[in-house]
There are 4 protein chains.
Amino acid sequence: MPSIIQIDSAPNSVLSNPLRIGDNALTLMLGPCAVESYEQTRAVAAAVSRAGVRVLRGGAFKPRTSPHTFQGLGLEGLEILRAVADEFGLLVITEALGVEQLPLVSDYADIIQIGSRNMQHYPLLWAAAETGMPIMLKRGFMSTVAEWLAAADHIISRGNERIMLCERGIRSFDNATRNVLDVGAIALLKTTTGFPVIADPSHAVGRSDLVLPAAKAAIAAGADGLIVEFHPDPPTALSDAEQAISADEMDRFVAEIGRIAVAVDRHLPHANYAPAH
Amino acid sequence: MPSIIQIDSAPNSVLSNPLRIGDNALTLMLGPCAVESYEQTRAVAAAVSRAGVRVLRGGAFKPRTSPHTFQGLGLEGLEILRAVADEFGLLVITEALGVEQLPLVSDYADIIQIGSRNMQHYPLLWAAAETGMPIMLKRGFMSTVAEWLAAADHIISRGNERIMLCERGIRSFDNATRNVLDVGAIALLKTTTGFPVIADPSHAVGRSDLVLPAAKAAIAAGADGLIVEFHPDPPTALSDAEQAISADEMDRFVAEIGRIAVAVDRHLPHANYAPAH
Amino acid sequence: MPSIIQIDSAPNSVLSNPLRIGDNALTLMLGPCAVESYEQTRAVAAAVSRAGVRVLRGGAFKPRTSPHTFQGLGLEGLEILRAVADEFGLLVITEALGVEQLPLVSDYADIIQIGSRNMQHYPLLWAAAETGMPIMLKRGFMSTVAEWLAAADHIISRGNERIMLCERGIRSFDNATRNVLDVGAIALLKTTTGFPVIADPSHAVGRSDLVLPAAKAAIAAGADGLIVEFHPDPPTALSDAEQAISADEMDRFVAEIGRIAVAVDRHLPHANYAPAH
Amino acid sequence: MPSIIQIDSAPNSVLSNPLRIGDNALTLMLGPCAVESYEQTRAVAAAVSRAGVRVLRGGAFKPRTSPHTFQGLGLEGLEILRAVADEFGLLVITEALGVEQLPLVSDYADIIQIGSRNMQHYPLLWAAAETGMPIMLKRGFMSTVAEWLAAADHIISRGNERIMLCERGIRSFDNATRNVLDVGAIALLKTTTGFPVIADPSHAVGRSDLVLPAAKAAIAAGADGLIVEFHPDPPTALSDAEQAISADEMDRFVAEIGRIAVAVDRHLPHANYAPAH
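A brief report on the enclosed structure follows. (Residues numbered from 1 in each chain as written. Chains lettered and ligands numbered in written order. Predicted model: local features only at pLDDT ≥ 70, side-chain atom pairs only at ≥ 80, totals over all residues. Heavy atoms only, no water.)

Residue and element names in this part refer to chain B. Across the five residues that make up strand β3 (residues 27-31), a large majority, five, are buried. In β3, alternate side chains face the same way, and those of Thr27, Met29 and Gly31 on one face and Leu28 and Leu30 on the other are all buried. Where β3 and strand β10 (residues 225-231) come together, five bridges link them in parallel fashion. Within β10, the position partnered with Met29 by the bridge is Ile227. Here two bridges tie β3 to strand β4 (residues 55-57), and the two strands are oriented parallel to one another. (Buried < 20%, exposed > 50% of the residue type's maximum accessible area, 1.4 Å probe, protein only. Helix = DSSP H or I, 4+ residues; strand = E, 2+ residues; numbered from the N terminus. Pairing = 2+ DSSP bridges.)

Have a look at this one:
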């Protein structure tokens with residue numbers, strides 16, 4: 001397994017160096033849970049860029065437990081993501097909910113996200129693998145590490161090894177927090193496999209005031225990066241409002257993570273980054 | 001919600017009365033985990049028919065944790081299922097693993113099964129709903145009852161109310177048995193919703209010697225039917241060998257279930273059935 | 001392991017035959033969650049006796065999650081239990097919360113209950129064992145079957161083999177019901193060990209309307225008996241009000257269980273019983 | 001709730017300043033799982049002292065799942081702990097397994113540990129409270145945060161507020177690691193209560209190679225200290241051999257924790273410490 005995934009910058013990016021996920025420099029992927037509008041996404045992307053972060057996250061197709069809640073903007077969401085990412089020289093990660101969305105998603109994104117509910121939807125794993133694009137495979141919220149690695153094996157079996165694993169919290173008997181961030185699994189994967197490991201503290205704790213300490217814990221345990229939800233105005237977010245951090249707090253968030261990074265002999269790649277604006 | 005799902009017999013069936021799932025008469029769906037060959041499937045179907053059971057189960061597309069194990073016969077499996085079912089006047093239930101398989105599956109089967117790993121794969125729920133066929137929605141092994149009902153709501157939102165729910169055991173902290181059959185959830189659903197509820201004792205316990213007591217418990221708790229794995233020669237089964245019951249034991253299995261049925265004021269519909277052979 | 005535990009009737013009992021737990025005849029243990037008063041306990045005991053049941057359950061020392069709720073009547077509760085049990089010729093099961101209560105509990109009760117929270121409180125297991133009395137060991141709500149059997153082994157290691165195991169529901173990720181009754185564990189224990197197994201459907205489901213179906217499921221799965229909460233006026237119960245069944249419904253409850261018993265080749269020992277009043 | 005617990009040094013200690021748990025300076029409690037011999041305990045205590053750590057942990061009474069494994073040295077273990085702690089000017093934390101051991105334990109120890117299996121053994125909580133000594137209350141391995149705080153409330157209800165909470169990993173559906181360290185709960189407790197929070201990474205992960213990353217994660221999430229198992233020769237340990245770290249690695253362990261401490265504006269109190277030898 002290649003332990004570092006290299007992703008070239010978009011042609012129109014102001015950045016010349018490729019992104020290297022799993023390298024000593026941590027990878028942050030920040031953005032809204034769902035793309036709601038051009039203005040909302042651009043506001044977050046501006047903060048992402050200002051904070052020296054290179055990957056913009058955002059959902060265009062949203063897997064929602066109930067059919068009666070906001071399901072995402074679809075193609076329009078992808079167009080918004082790409083437009084603002086290009087404006088700020090960012091890479092895009094977004095989720096493909098089903099096989100039928102892969103052609104679109106692979107046109108607009110730089111990294112394909114496989115969501116937690118779909119970790120064992122094998123047709124999607126196979127089809128995503130066959131795009132040849134980098135894939136972030138989220139752990140099922142009640143999947144064992146062995147099942148997670150077997151799901152990665154499904155992707156590899158179709159010829160794609162550019163896989164990063166995303167620990168996003170597992171379900172427990174307690175609802176004091178939304179899920180439980182499995183820092184032991186992060187440490188185990190870094191000790192026993194070559195996959196880069198990204199942590200999603202937002203879904204793990206489900207409360208904006210706990211996202212930063214959970215993010216710090218993930219980096220301290222050895223994670224190679226974070227994917228975190230930010231919103232220009234969290235109370236108005238159309239999904240996951242309670243766990244989004246205000247985009248205004250992004251700089252402080254990134255700075256705090258940077259301090260932990262240094263304490264585990266890693267760093268945030270700010271120095272390499274020439275802000276676009 | 002209609003509390004009974006009526007399914008007409010196949011035109012070539014020797015049976016004239018439609019199957020009514022959720023009625024006082026229990027519905028049994030018996031057959032192999034995976035369709036492995038014509039001979040294997042025909043042997044089980046003969047036992048199914050002999051036992052007075054009307055629905056043949058069998059997997060043509062198998063969701064397997066590892067990509068290196070048997071993934072099912074695909075189209076050939078569907079053809080075998082339909083052929084032997086028609087020979088014995090049986091209805092067919094089989095799983096559609098992905099949206100792309102629905103046209104095939106709806107051509108060959110009478111009931112579409114949505115598997116546990118796919119309970120929250122919404123594109124599949126939507127597409128299955130749109131076939132208009134009866135759907136058996138298995139509970140995710142890590143899904144709450146509320147999420148399960150929300151998944152059913154996704155199907156209903158696309159205009160299909162012919163839904164039966166299948167409790168197949170949930171994951172716990174203990175591996176003494178494969179999963180834990182949630183008999184309380186069966187009772188809760190029968191008390192608070194109108195959905196027919198089928199239980200899958202095979203996956204719940206994962207050991208052939210415990211399948212019958214678990215099946216009895218499910219019926220005692222109020223389940224409307226069972227889906228159970230049988231094999232002509234369990235030790236040679238290509239999947240789930242340890243939980244399959246020998247086809248030779250099917251008559252006794254059905255008879256034992258029939259005794260519990262009577263103790264809860266229900267019955268097995270043997271009397272209505274004129275065996276084809 | 002002796003597979004049947006024999007308990008002699010109290011000297012003042014109208015019954016001459018000993019109780020045999022684990023025998024073909026099922027053992028029911030019915031009564032209030034907590035002993036609240038003489039009147040309340042006598043009302044339930046009268047119903048217990050009328051229903052042909054031989055064991056009265058009731059808590060004198062209550063393990064309560066919060067220190068600010070009713071903790072039981074203590075010694076007064078034991079005196080009430082014994083008095084009404086003797087009046088109606090019943091045996092008594094009650095919980096010893098700590099080592100220091102064992103002398104009292106063993107004076108007043110016929111069976112010592114070890115509660116779920118104490119399954120791994122080894123000093124209590126050892127001291128209870130040394131009384132020589134029959135012990136009902138409840139499964140920890142978070143304990144594996146292997147740990148449960150190891151706890152029983154702690155009792156055996158002090159020379160007492162008169163142990164019955166009580167499955168009372170395990171904790172899951174879902175709070176649709178209070179706990180999940182592990183019917184597979186009941187079947188597993190009956191298949192692989194000689195211990196009598198009692199089920200507690202009240203704590204398993206935590207809702208009075210689901211207690212009867214859960215109780216039926218337990219018997220169908222092979223349990224040797226039940227321990228169930230009844231109250232003369234459930235809404236006024238000082239603990240577990242939502243899961244208690246009205247004492248008025250006891251006769252019907254017992255009759256329904258009797259039907260399932262027959263369907264699994266067992267019975268309720270009504271015929272042996274000459275009601276005291 | 002006092003947010004800092006102050007503990008005076010033993011009279012014979014070379015230290016003049018009291019220990020303050022919950023203060024900006026982190027509290028480490030290091031030592032063997034079980035006291036096995038004077039030599040073993042002294043070797044670890046020497047390392048503890050050399051590393052600038054002030055609290056020696058060690059079990060004299062061991063709660064063991066099976067009655068057939070090493071149950072601890074009992075009184076002899078307490079005597080060894082106290083002797084070596086006094087030699088090196090250390091404080092002692094050790095577990096009281098039952099009420100009957102509290103007089104002994106409170107004579108020999110400075111902090112009473114309530115173990116995970118006993119979090120809801122209320123008689124022990126009450127009796128421990130009444131000693132007036134500082135108490136470390138371990139979370140039940142399948143207890144909710146609400147139940148844990150209710151257990152602390154049982155202690156407070158008997159007049160003792162010198163309570164620290166210890167997160168030691170909760171049980172999940174996955175056995176890839178022994179338990180799951182709930183870093184979100186640590187952050188939640190630090191955000192919403194005044195209790196000092198100690199983390200036990202050894203029991204959380206159960207593998208010596210993962211203890212350090214888990215410990216770092218706990219400190220990054222906001223824990224006020226750690227309790228960690230060390231052994232002079234881990235493979236020969238009589239209990240928990242697989243999760244003990246070699247005493248030789250203690251200095252490096254402490255140094256690594258110190259780096260994370262600084263990254264979250266805390267520190268290890270080395271500077272205040274004059275080594276005894």
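This part covers the relation of the copies chain D and chain A. Each copy of the sequence occupies a distinct position, and chain D is placed on chain A by a rotation of 180° and an axial shift of 0.0 Å, giving an RMSD of 0.0 Å. As the rotation angle and translation indicate, the two copies are arranged about a two-fold axis. No C-alpha of chain D lies nearer the rotation axis than that of Ala217 of chain D, which sits 2.0 Å from it. When the interface residues of chain D are mapped onto chain A, 100% of them are again interface residues, pointing to one common binding face. (Least-squares fit on C-alpha atoms with pLDDT ≥ 70 in both. Contact = heavy atoms within 4.5 Å.)

Quick look at the packing of helix α5 (residues 145-156) of chain B against helix α6 (residues 183-192) of chain B now. When two helices pack together, their arrangement is given by the angle between their axes and by how far apart the axes lie. All names here are of chain B. Two numbers describe how α5 lies on α6: the axes approach to 12 Å, and their chain directions differ by 50°. Judged on the interaxial angle alone, α6 and α5 are oblique. At the point where α5 passes α6, the crossing takes the right-handed sense. Residue-level contacts link Val145, Trp148 and Leu149 of α5 to Ala185, Leu188 and Leu189 of α6. Tallied by class, the residues present in the contact of α5 with α6 amount to six nonpolar, no polar and no charged. (Axes fitted to C-alpha atoms, helices over the stretch in contact; angles between N-to-C directions. Parallel < 35°, antiparallel > 145°, perpendicular 65-115°, else oblique. Left-handed = near helix turned anticlockwise from the far one by under 90°. Nonpolar A, V, L, I, M, F, W, Y, C, P; charged D, E, K, R; others polar.)

Here we take up the pattern of salt bridges. Opposite charge on two side chains permits pairing when their charged atoms draw close. One pass over the structure, following the stated rule, counts 72 salt bridges over all chains. For Arg20 of chain B, the salt bridge goes to Asp23 of chain B, with nearest N and O atoms at 2.9 Å. The exposure class assigned to Asp23 of chain B is partly exposed, which follows from its relative accessible area of 24%. With a closest N to O distance of 3.7 Å, Arg57 of chain C and Glu229 of chain C form a salt bridge. With Arg57 of chain C in strand β4 (residues 55-57) and Glu229 of chain C in strand β10 (residues 225-231), this pair connects stretches of sequence that are 172 residues apart. Across the pair, exposure class does not vary: Arg57 of chain C and Glu229 of chain C are buried alike. (Salt bridge = Lys/Arg side-chain N within 4 Å of Asp/Glu carboxyl O.)

Further remarks concern the interface of chain D and chain A. The partner chain A presents 37 residues to the 37 residues of chain D that form the contact. Between chain D and chain A, the buried area comes to about 2800 Å², and carbon and sulfur atoms account for 69% of it. It is Phe173, Arg259 and Ala263 of chain D that lose the most area in chain D upon contact with chain A, and together they represent 21% of the buried surface on that side. Where Arg139 of chain A meets Asp174 of chain D, a salt bridge forms, and the shortest distance between an N and an O atom there is 3.2 Å. Summed over the shared surface of chain D and chain A, the number is eight residue pairs in polar contact (both at pLDDT 80 or more). Counting only elements with at least two residues in the side of chain D that touches chain A, the list comes to α6 (183-192), α8 (208-221) and α9 (250-263) of chain D. (Buried area = accessible area lost by both parts, 1.4 Å probe. Polar contact = N/O pair within 3.5 Å; in protein donor to acceptor, adjacent residues only side chain to side chain.)

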